[in-house]
Amino acid sequence: MHRKLRLRNRADFSRIYRAGKSFANGQFVVYWSKQPAAEPFRLGVSASKKIGNAVVRNRMRRVVKEIVRLNADRITPRVDLILIVRKPAVEMKTKELERSVLHVLKKAGLLKART
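All values derive from a computational prediction rather than experimental measurement.

Trainee: Please explain the overall build of the chain as it appears in this structure.
Mentor: The secondary structure content of the chain amounts to 3 helices and 4 strands. Relative to the compact-globule value of 13 Å for 115 residues, the chain shows a C-alpha radius of gyration of 13 Å, a close match. Per-residue burial over the chain gives 41% buried out of 115 residues. The long-range share in the chain, meaning contacts at least 24 apart out of those at least 6 apart in sequence, stands at 79%.

Below, the structure written as C-alpha coordinates:
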(Lines give C-alpha, C1' and ligand atoms only; values in the text may rest on other atoms or scores of the structure.)
Protein backbone atom coordinates (compact mmCIF):
# COMPACT_ATOMS: atom_id res chain seq x y z
CA MET A 1 0.00 0.00 0.00
CA HIS A 2 1.52 3.30 -1.07
CA ARG A 3 2.33 5.84 1.63
CA LYS A 4 0.01 8.49 0.17
CA LEU A 5 -2.92 6.02 0.33
CA ARG A 6 -2.59 5.63 4.10
CA LEU A 7 -4.36 7.57 6.82
CA ARG A 8 -1.72 8.51 9.32
CA ASN A 9 -2.52 11.57 11.39
CA ARG A 10 -4.76 11.78 14.39
CA ALA A 11 -6.94 14.57 12.98
CA ASP A 12 -8.02 12.41 10.04
CA PHE A 13 -8.84 9.47 12.32
CA SER A 14 -10.82 11.73 14.68
CA ARG A 15 -12.75 13.33 11.79
CA ILE A 16 -13.77 9.92 10.44
CA TYR A 17 -14.74 8.54 13.86
CA ARG A 18 -16.81 11.67 14.60
CA ALA A 19 -18.49 12.38 11.26
CA GLY A 20 -18.23 9.08 9.42
CA LYS A 21 -20.51 6.08 9.16
CA SER A 22 -19.74 2.67 10.60
CA PHE A 23 -20.57 -0.93 9.82
CA ALA A 24 -19.35 -4.12 11.47
CA ASN A 25 -19.24 -7.87 11.36
CA GLY A 26 -17.70 -10.33 13.81
CA GLN A 27 -14.11 -9.68 12.79
CA PHE A 28 -13.93 -6.05 11.59
CA VAL A 29 -15.47 -2.62 12.02
CA VAL A 30 -15.24 -0.13 9.17
CA TYR A 31 -15.64 3.62 9.64
CA TRP A 32 -15.76 5.66 6.46
CA SER A 33 -16.29 9.16 5.22
CA LYS A 34 -16.39 10.78 1.78
CA GLN A 35 -13.25 12.78 0.98
CA PRO A 36 -12.87 14.46 -2.43
CA ALA A 37 -9.07 14.73 -2.00
CA ALA A 38 -8.65 10.98 -1.41
CA GLU A 39 -7.78 9.52 -4.80
CA PRO A 40 -8.54 6.64 -5.16
CA PHE A 41 -9.08 6.11 -1.40
CA ARG A 42 -7.13 6.29 1.85
CA LEU A 43 -6.96 3.51 4.44
CA GLY A 44 -6.12 3.36 8.12
CA VAL A 45 -5.93 0.10 10.06
CA SER A 46 -6.39 -0.01 13.81
CA ALA A 47 -5.57 -3.00 16.03
CA SER A 48 -5.84 -2.48 19.78
CA LYS A 49 -3.82 -4.20 22.49
CA LYS A 50 -6.86 -6.35 23.23
CA ILE A 51 -6.13 -8.56 20.22
CA GLY A 52 -2.58 -9.48 21.25
CA ASN A 53 1.01 -8.36 21.54
CA ALA A 54 2.87 -6.16 19.05
CA VAL A 55 3.76 -9.09 16.80
CA VAL A 56 0.11 -10.11 16.44
CA ARG A 57 -1.12 -6.53 15.94
CA ASN A 58 1.49 -5.75 13.28
CA ARG A 59 0.79 -9.02 11.45
CA MET A 60 -2.92 -8.26 11.36
CA ARG A 61 -2.26 -4.73 10.06
CA ARG A 62 0.02 -6.08 7.33
CA VAL A 63 -2.45 -8.76 6.27
CA VAL A 64 -5.39 -6.33 6.16
CA LYS A 65 -3.39 -3.77 4.13
CA GLU A 66 -2.40 -6.50 1.67
CA ILE A 67 -6.02 -7.66 1.31
CA VAL A 68 -7.13 -4.10 0.59
CA ARG A 69 -4.23 -3.58 -1.85
CA LEU A 70 -5.20 -6.68 -3.82
CA ASN A 71 -8.85 -5.57 -3.96
CA ALA A 72 -8.21 -1.83 -4.45
CA ASP A 73 -9.88 -1.80 -7.86
CA ARG A 74 -13.16 -2.94 -6.26
CA ILE A 75 -13.28 -0.20 -3.59
CA THR A 76 -15.33 2.95 -4.19
CA PRO A 77 -13.08 5.95 -4.93
CA ARG A 78 -12.81 9.18 -2.94
CA VAL A 79 -13.39 7.77 0.54
CA ASP A 80 -11.32 7.63 3.70
CA LEU A 81 -11.81 4.39 5.59
CA ILE A 82 -10.60 2.91 8.86
CA LEU A 83 -10.67 -0.84 9.42
CA ILE A 84 -10.62 -1.90 13.06
CA VAL A 85 -9.53 -5.47 13.74
CA ARG A 86 -11.51 -7.43 16.34
CA LYS A 87 -10.20 -10.35 18.41
CA PRO A 88 -11.84 -13.23 16.44
CA ALA A 89 -9.90 -12.17 13.31
CA VAL A 90 -6.60 -13.24 14.90
CA GLU A 91 -7.52 -16.94 14.64
CA MET A 92 -8.53 -16.80 10.97
CA LYS A 93 -6.63 -17.79 7.84
CA THR A 94 -5.85 -15.14 5.20
CA LYS A 95 -8.55 -16.33 2.77
CA GLU A 96 -11.18 -16.14 5.52
CA LEU A 97 -9.94 -12.67 6.50
CA GLU A 98 -10.26 -11.54 2.89
CA ARG A 99 -13.85 -12.78 2.74
CA SER A 100 -14.63 -11.00 6.01
CA VAL A 101 -13.04 -7.69 4.92
CA LEU A 102 -14.95 -7.77 1.62
CA HIS A 103 -18.14 -8.61 3.50
CA VAL A 104 -17.89 -5.62 5.83
CA LEU A 105 -16.98 -3.31 2.92
CA LYS A 106 -19.96 -4.60 0.94
CA LYS A 107 -22.19 -4.08 3.96
CA ALA A 108 -20.97 -0.46 4.12
CA GLY A 109 -21.64 0.02 0.41
CA LEU A 110 -17.96 0.62 -0.38
CA LEU A 111 -17.57 -2.04 -3.09
CA LYS A 112 -18.18 -1.31 -6.73
CA ALA A 113 -20.60 -3.54 -8.60
CA ARG A 114 -18.90 -6.35 -10.52
CA THR A 115 -18.76 -5.94 -14.28
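Now that the structure has been shown, the text picks up again.
Trainee: Just to check I follow, could you spell out the sheet that holds strand E3 (residues 41-47) for this structure?
Mentor: Backbone hydrogen bonds are what pair the strands of a sheet, in a parallel or an antiparallel way. Strand order in the open sheet formed by 4 strands is E1-E2-E4-E3, with mixed pairing between adjacent strands. Edge positions in the open sheet fall to strand E1 (21-24) and E3, since each of these has one partner strand only. Adjacent strand axes in the sheet meet at a mean angle of 20°, parallel and antiparallel pairs treated alike. In the sheet, E3 pairs with strand E4 (residues 79-85) via 7 bridges, with the strands oriented parallel. The partner of alanine 47 across the bridge, within E4, is valine 85. The strands that helix H2 (residues 54-70) touches are strand E2 (28-34), E3 and E4; relative to E3, the one it contacts most, it runs at about 155°.

Trainee: What's the story with the packing of aromatic side chains in this structure? I'm lost.
Mentor: The geometry of an aromatic ring pair comes down to the distance between the two centres and the angle between the two planes. In this structure the tally under the stated criterion is 2 aromatic pairs. Plain terms: the ring middles of phenylalanine 13 and tyrosine 17 are 6.3 Å apart, the flat faces sit at 50° to each other, and that makes the pair tilted. Note that phenylalanine 13 and tyrosine 17 are positioned in helix H1 (residues 10-19) at a spacing of 4 residues, about one turn of the helix. Given a relative accessible area of 34%, tyrosine 17 falls into the partly exposed group. Between tyrosine 17 and tyrosine 31 the ring centres are 4.9 Å apart and the planes differ by 85°, which places this aromatic pair in the edge-to-face class. Here tyrosine 17 is found in helix H1, whereas its partner tyrosine 31 is found in strand E2, with 14 residues between them in sequence. Overall, the relative accessible area of 22% leaves tyrosine 31 in the partly exposed class. Feature note: the residues Phe13, Tyr17 and Tyr31 constitute an aromatic cluster, connected by ring pairs.

Conventions used here
Residues numbered from 1 in each chain as written. Predicted model: local features only at pLDDT ≥ 70, side-chain atom pairs only at ≥ 80, totals over all residues. Heavy atoms only, no water. Helix = DSSP H or I, 4+ residues; strand = E, 2+ residues; numbered from the N terminus. Rg over C-alpha atoms; globule rule 2.2 N^0.38 Å. Buried < 20%, exposed > 50% of the residue type's maximum accessible area, 1.4 Å probe, protein only. Contact = heavy atoms within 4.5 Å. Pairing = 2+ DSSP bridges. Axes fitted to C-alpha atoms, helices over the stretch in contact; angles between N-to-C directions. Phe/Tyr/Trp six-rings, centres within 6.5 Å; stacked < 30°, edge-to-face > 60°.

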